[in-house]
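Chain and residue survey
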Amino acid sequence: MRCETGVARWFVGDISEASASRSTSTKQTRTSNMAENQEPSLLEKKVAEQIEYYFGDHNLVRDKFLKEQLQLDDGWVPLETMLKFNRLKSLTTEQAVIVEALKKSKTGLLEISEDKTKIRRSPSKPLPEMNDEYKDTLRHKSVYIKGFPLDTSLDDIKDWLSDKGTIENIHMRKGPLKTFKGSIFMVLGTEDAAKQFVARDDVKKFKDNDLIVLMKDDYFTKKQEERKQGRAEAKAKAKTEKEEKQKQAEEEEMKSLEEQKGCLLRFRGVLDQTSREDFHEVFAGHAEIKWIDFTRGAKEGNILFRSNAREALEKAEKAKGGKLQVKEKDVEWEVLEGDAEMETLKKIIEDQQESLNKRRGNRGGHRGGRGRGRGGRSRDRDRGGRDHHPQGKKTKFDSDEEGDGDHQEHTSPKKRALEANGKGTEGPAAKQVRTENGS
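Along every chain, residues carry numbers that run from 1 in the direction the sequence is written. Local features in this predicted model are restricted to residues of pLDDT 70 or higher, and side-chain atom pairs are both shown and tallied only at a pLDDT of 80 or more, whereas totals for entire chains, interfaces and linings draw on every residue. Side-chain measures were taken over the full set of non-hydrogen atoms in the model, leaving aside hydrogen atoms and water.

Describing helix H10 (residues 191-199)
Stated formally: Classification of residues uses two cut-offs on accessible area relative to the type maximum, computed with a 1.4 Å probe and protein chains only: under 20% is buried, over 50% is exposed, and between them is partly exposed. Each helix corresponds to a stretch of at least 4 residues labelled H or I by DSSP, and each strand to a stretch of at least 2 residues labelled E; elements are numbered beginning at the N terminus. This arc is taken over the directions from the axis of the helix to the C-beta atoms.
All buried positions along H10 are accounted for by Ala194, Phe197 and Val198. Buried residues along H10 cover an arc of 95° about the axis, so they all sit on one side. Exposed side of H10, more than 90 degrees from the buried face: Asp192, Gln196 and Ala199 are the residues found there.

So this is what it looks like as structure tokens:
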């Protein structure tokens, strides 16, 4: 009897515990069902929407941090970790609020662990494969809206859209400085829903601001046409500007030619041993020479004065007793006029520009060495056409200090030895040399 009673007692106890367990389970299920059937509060709705956005198709594929968390525990993410997300943290810091919000959500996207400390995306709702078909579907149910004030927040836009259909995702477009540029892309449930949204009259204004509302495909088509038109306009503008610059250059050239008319003097003769410097000496004190077009060995050349060429010639001839020679050799002088003068002036202007371009190109050029040209002979000239012969030490320009910035100049061992002995720090004066074409 004692034994049977013991058995009976154990059996009764087991029945009692099982009954109690079933009662608790039934109570939890009833409570859970009650929570699911209850309407969420405004806060709970926002909390559920935010978390479902984190785990949704549009964000999860791009969220590196969240994807890493999913790998740690079979897709489960602790609520403690979720509360580190800034936007969710701004809504609530209580895990219980998150649990209640997700219980009342009707999307079925997320699961809550038994101990109510973790959540995960439901295995029955896997992420879609990001293939071309999915991307094409996504694009066709996307809408572009432009015209929002730049200080509009995401919450402002979500509130405005709250009664306008099911919105899967909102992307606020931002500029280079990461500030809102007044337009969004948003994804609706289906392509038909997107087309219906675009056709609505109540989406054409946000507060007092007119909005442009287009299907995303239409927006890109329109943008492509605008860019094509913009390129065509830019090309036409560039062509017009080029023509205008060319016209302006021609006008300036003509003006320059007009200003220099009467300043050109041509010379002919046996000039084998004559240099440009010799012509400077002939007209020194009578007129200032601007340019000499002459190469040593040539039988003729031209002198462009800064003043009237005829007056310069007359003054020089008068000073020499009526006959103007160069290095005691007869020279024929002619003041150019008409077409010959204009053609020669054009050639001189071209030569002057070419010389200027060469100077700019050679600025900060070779360092050291024996100069440019054969035998190390210098070809530098001044603006008057005279050869320039530097004396003494090489002049050091600011550009000589410039370089790649990543390299240091290394002194040769031989030079270091000379400097160490106090020798070789000053080089001898450069020899004065003569150029091929004149001086």
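Resuming the write-up.
Details of the pattern of salt bridges
Keep this limit in mind: The salt bridge criterion pairs a side-chain nitrogen of Lys or Arg with a carboxyl oxygen of Asp or Glu, the two atoms within 4 Å.
For the structure shown, the criterion picks out 25 salt bridges. The closest approach of N and O atoms between Asp57 and Arg121, which form a salt bridge, is 2.7 Å. Here Asp57 is found in helix H3 (residues 57-60), whereas its partner Arg121 is found in strand E3 (residues 118-121), with 64 residues between them in sequence. One network of salt bridges, with partners in common, ties together Arg268, Glu300, Glu332 and Glu334.

Considering the sheet that holds strand E4 (residues 142-146)
Convention followed: Two strands are said to pair when DSSP picks up at least two bridges between them. Between the N-to-C directions of two axes lies an angle of 0 to 180 degrees, each axis being a line fitted to C-alpha atoms and, for a helix, fitted only over the stretch in contact. A contact between two residues is defined here by any heavy atoms of the two lying within 4.5 Å.
Spatial ordering of the open sheet is given by E5-E6-E4-E9, a layout of four strands whose pairing is antiparallel. Each edge of the open sheet carries a strand with a single partner, namely strand E5 (167-174) and strand E9 (212-215). Strand-to-strand twist across the sheet, computed as the mean angle between neighbouring axes with direction ignored, equals 20°. By the bridge criterion, six bridges tie E5 to strand E6 (residues 180-188) in an arrangement that is antiparallel. Opposite His171, over in E6, you have Phe185 as the bridge partner. Where helix H9 (residues 154-161) meets the sheet, its contacts fall on E4, E5 and E6, and the angle it forms with E5 comes to roughly 140°.

Some details on the pairing of E9
Only one face of E9 is covered, namely the one carrying Val213 and Met215; the face carrying Ile212 and Leu214 has none of its residues buried. By the bridge criterion, four bridges tie E4 to E9 in an arrangement that is antiparallel. Looking across to E9, one finds that Tyr144 is bridged to Leu214.

Looking at the pairing of strand E14 (residues 329-335)
Strand direction decides the pairing type here: strand E10 (residues 264-269) and E14, joined by five bridges, are antiparallel. Its bridge partner lying in E14, Gly269 is registered against Val331. Here strand E13 (residues 325-326) pairs with E14 via two bridges, running antiparallel. Its bridge partner lying in E14, Gln325 is registered against Asp330. Count of turn residues in the E13/E14 antiparallel hairpin: two residues, of which Lys327 carries a positive phi of about 55°.

Points about the sheet that holds E13
Whenever strands of a sheet pair, they do so through backbone hydrogen bonds, lying parallel or antiparallel. The strand order across the open sheet built from five strands is E11-E12-E10-E14-E13, with neighbouring strands paired in antiparallel fashion. Among the strands making up the open sheet, the edge pair consists of strand E11 (289-293) and E13. Lying on the sheet, helix H14 (residues 338-362) is in contact with E10, E11 and strand E12 (300-305); it crosses E11 at an angle near 95°.

As for the environment of Phe85
If you trace the backbone, Phe85 turns up in the loop between helix H5 (79-82) and helix H6 (86-91). For the pair Phe85 and Ile51, spaced 34 residues apart in sequence, the C-alpha to C-alpha distance is 9.6 Å. Among all residues touching Phe85, those that are not within four sequence positions of it are Tyr54, Asp63, Phe65 and Leu66.

Notes on the packing of helix H2 (residues 42-54) against helix H7 (residues 95-104)
When two helices pack together, their arrangement is captured by the angle between the axes and the distance separating the axes. Threshold: With respect to orientation, any angle under 35 degrees is reported as roughly parallel, any angle over 145 as roughly antiparallel, any angle of 65 to 115 as roughly perpendicular, and every other angle as oblique.
Put simply, H2 and H7 touch, their axes get as near as 8 Å, and they point 85° apart. Relative to H7, the element H2 is oriented roughly perpendicular. Every residue of H7 that contacts H2 at Leu43, Glu44, Val47, Ala48 and Ile51 is listed here: Val97, Ile98, Glu100, Ala101, Leu102 and Lys104.

A word on the environment of Ala287
Structurally, the position occupied by Ala287 is in the loop between helix H12 (276-283) and E11. Accessibility expressed as a relative area gives 17% for Ala287, which makes it buried. The contacts of Ala287, once residues within four sequence positions are left out, are Phe305, Ser307 and Ala312.

Some points on the environment of Gln325
Stated precisely, the cut-off is as follows: Counting of polar contacts relies on pairs of N or O atoms within 3.5 Å, with two restrictions inside protein: one atom must be capable of donating a hydrogen and the other of accepting it, and residues adjacent in sequence are counted only when both atoms are side-chain atoms.
Note on placement: Gln325 falls in strand E13. Each C-alpha atom of the pair Gln325 and Gly269 lies 9.9 Å from the other, and the pair is 56 residues apart in sequence. Once residues lying within four places of it in the same chain are set aside, the contact partners of Gln325 are Val282 and Asp330. Separated by 2.6 Å, the side chains of Gln325 and Asp330 make a polar contact.

Focus: the nonpolar core
This is how it is decided: As used in this record, nonpolar core signifies buried Ala, Val, Leu, Ile, Met, Phe, Trp, Tyr and Cys residues forming a set joined through side-chain atoms within 4.5 Å.
In terms of nonpolar packing, the biggest core is built from 22 residues, with Ile51, Phe55, Leu66, Met82, Leu88 and Ile98 touching the most fellow members. Listing elements by their share of this core, those giving two or more residues are H2, helix H4 (64-70), H5 and H7. Per element, the largest residue contribution to this core is five residues, and it comes from H7. Contacts of Leu88, omitting those with residues within four sequence positions, involve Val47, Gln50, Ile51, Tyr54, Met82, Leu83 and Ile98. Ranked by size, the runner-up nonpolar core spans 21 residues in total, among them Ile292, Phe305, Leu313 and Ala316.

A closer look at the packing of aromatic side chains
Quick reminder of the rule: The criterion for an aromatic pair is that two Phe, Tyr or Trp rings (for Trp, the six-membered ring) have centres within 6.5 Å, with stacked assigned to planes under 30 degrees apart, edge-to-face to planes over 60 apart and tilted to the rest. Any Lys NZ or Arg CZ that is within 6 Å of a ring centre and within 35 degrees of that ring's normal is treated as a charge sitting over the ring.
What the rule picks out here adds up to 18 aromatic pairs. With centroids separated by 4.6 Å and ring planes inclined at 45°, the aromatic side chains of Tyr54 and Phe85 adopt a geometry described as tilted. Here Tyr54, found in helix H2, pairs with Phe85, found in the loop between H5 and H6; they are 31 residues apart in sequence, far enough to count as distant. For the pair Tyr54 and Phe85, one class covers both residues: buried. Taken together, a centroid distance of 6.3 Å and an interplanar angle of 85° make the contact between Phe279 and Trp333 edge-to-face. Of the two residues, Phe279 is situated in helix H12 and Trp333 in strand E14; the sequence distance between them amounts to 54 residues. Assigned by exposure class, Phe279 and Trp333 land together as buried. Of the aromatic side chains, those joined through ring pairs into one cluster are Phe267, Phe279, Phe283, Phe294, Phe305 and Trp333. For Lys216, the ring lying beneath its charged end belongs to Phe185, and the centroid distance is 4.6 Å.

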